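# Understanding the architecture of this molecule
Listed here are the chains, written in short residue letters.
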Amino acid sequence: MTFENFEYKGLHLTPQQRQSLEEAFRSARNFAESHDGWLVLLGPNGCGKTHLAVAIANHRLRLGNPVVFVVVPDLLDHFRSTFLPESKVTYDEVFETVRKTPLLILDDLGAQSATPWAQEKLYQIINYRYNARLPTVITSHFSLDQIEDRLSSRMTDFRLSLCIAITAPDYRGDRKPEPRPAQPNRRRR
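To keep things clear, this report deals only with the structure shown in the data block. (Residues numbered from 1 in each chain as written. Predicted model: local features only at pLDDT ≥ 70, side-chain atom pairs only at ≥ 80, totals over all residues. Heavy atoms only, no water.)

### A word on the overall build of the protein
Across its full length, the protein holds six helices and five strands. Ordering the α and β elements of the protein from the N terminus gives α-β-α-β-α-α-β-α-β-α-β. The buried share of the protein, reckoned over its 189 residues, is 45%. Restricting to contacts in the protein with at least 6 residues of sequence separation, those with at least 24 account for 79%. (Helix = DSSP H or I, 4+ residues; strand = E, 2+ residues; numbered from the N terminus. Buried < 20%, exposed > 50% of the residue type's maximum accessible area, 1.4 Å probe, protein only. Contact = heavy atoms within 4.5 Å.)

This is the structure we're talking about:
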C-alpha cells in the first residue's frame with residue numbers, strides 16, 4: 001500500500017465524499033514528508049484509512065526511519081502475550097517500544113475490547129505520546145464522540161493534531177466485480 005496505488009478517482013463519490021478523501025490523501029502525504037504532530041483519520045470501514053496509514057509507514061521506512069504500525073486489538077494481544085511463561089520479551093520492553101517509537105501508527109482504534117485494562121494501556125500510550133509530542137497516526141471507524149474522552153481530547157488538540165473525517169463509503173462495494181472465468185459444467189451423480 002503506497003500513495004501511488006491509492007485509487008479513489010474511479011469511485012462513484014459525491015463531491016463532498018471526494019473532497020474528504022482527497023483531503024485525507026493530501027494530509028497523509030504531507031504527514032509522511034514531515035511526520036510532525038499527529039494525524040487522525042476517521043471514517044467508515046473500507047474508506048481508505050488503513051491504506052493511507054500504511055502508505056505513511058512505507059514511505060517513512062523507505063527513508064530509513066523506524067515505524068511501529070499496529071492494529072490496536074493486536075497490540076493489546078501482544079501485551080497480554082508477554083505475561084505467558086514462554087514469552088521471549090517482557091511487557092515493559094514491548095510497552096516502551098510502542099510508547100517511545102519515533103513514529104507510531106495505531107490502526108483501528110476502538111475495535112478493541114473496552115475492558116478497563118485495555119482502556120488504561122491505550123490511555124498511557126496516547127497520553128505519553130501526547131505529552132512528548134511524538135509523531136502519531138491514529139485511524140478509527142468511530143466518531144470522536146464515540147471514543148473515550150481522555151483519548152479524544154488529545155486526538156483533537158489543534159496545536160498538535162490534524163483530524164480528518166472521511167465521508168467516502170466502503171470502496172469494496174463500489175467496484176464492479178471482475179468477470180470470472182467460465183467453469184465447465186459438472187454433472188451430478
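What follows continues from the structure just given.
### Description of the environment of Ile-56
Relative to the helices and strands, Ile-56 resides in helix H2 (residues 49-62). Classification of Ile-56 as buried rests on a relative accessible area of 0%. Sequence separation between Ile-56 and Ala-32 is 24 residues, and the spatial gap between their C-alpha atoms is 4.9 Å.

### Points about the pattern of salt bridges
If the charged atoms of two oppositely charged side chains come close together, the side chains can form a pair. A complete count under the given rule lists seven salt bridges for this structure. Across the pair Lys-100 and Glu-96 runs a salt bridge, and its minimum N-O distance is 3.2 Å. Highlighted residues: Lys-100 and Glu-96, both in helix H4 (residues 91-100), separated by four residues, approximately one helical turn. Among the salt bridges present, the one from Lys-121 reaches Glu-120, with a minimum N-O distance of 3.5 Å. Among the ionic contacts, a cluster of salt bridges with common partners joins Glu-96, Arg-99 and Lys-100. (Salt bridge = Lys/Arg side-chain N within 4 Å of Asp/Glu carboxyl O.)

### Considerations on the sheet that holds strand E1 (residues 38-42)
Strands in a sheet are paired, the pairing made by backbone hydrogen bonds, and the direction either parallel or antiparallel. Strand order across the open sheet formed by five strands is E2-E3-E4-E1-E5, with parallel pairing between neighbours. Among the strands making up the open sheet, the edge pair consists of strand E2 (68-71) and strand E5 (161-165). In this sheet, neighbouring strand axes are inclined to one another by 10° on average, regardless of whether the strands run parallel or antiparallel. The pairing of strand E3 (residues 104-107) with strand E4 (residues 136-140) spans three bridges and is classified as parallel. Across the sheet, the residue bridging to Leu-104 is Thr-136, located in E4. (Pairing = 2+ DSSP bridges. Axes fitted to C-alpha atoms, helices over the stretch in contact; angles between N-to-C directions.)

### Digging into the packing of H4 against helix H5 (residues 116-132)
Between H4 and H5, whose axes approach to 8 Å, the crossing angle comes to 45°. Judged on the interaxial angle alone, H5 and H4 are oblique. For the pair formed by H4 and H5, the contact residues are Tyr-91, Phe-95, Val-98, Arg-99 and Lys-100 on the first element and Trp-117, Lys-121, Gln-124, Ile-125, Tyr-128 and Arg-129 on the second. (Parallel < 35°, antiparallel > 145°, perpendicular 65-115°, else oblique.)

### Thoughts on the packing of aromatic side chains
For the coordinates displayed, the defined rule picks out six aromatic pairs. Seen in terms of ring centroids, Trp-38 and Tyr-130 are 6.2 Å apart; in terms of plane orientation they differ by 80°. Their pairing is edge-to-face. Highlighted residues: Trp-38 in strand E1 and Tyr-130 in helix H5, separated in sequence by 92 residues. Comparing Trp-38 with Tyr-130, the two get one shared label, buried. Each ring, one from Tyr-91 and one from Phe-95, has its centre 5.4 Å from the other, and the planes form 20°; the classification is stacked. Pair noted here: Tyr-91 and Phe-95 are both in helix H4, with a separation of four residues, about one helical turn. Summarising the burial analysis for this pair, Tyr-91 and Phe-95 share the class buried. (Phe/Tyr/Trp six-rings, centres within 6.5 Å; stacked < 30°, edge-to-face > 60°.)

### Some remarks on the pairing of E3
Side chains Leu-104 and Leu-106 of E3 all project onto a buried face; the interleaved residues Ile-105 and Asp-107 project onto the opposite face, where all are buried too. As defined by bridge partners, E2 adjoins E3 across four bridges and the pair is classed as parallel. By the bridge assignment, Phe-69 is partnered in E3 with Ile-105.

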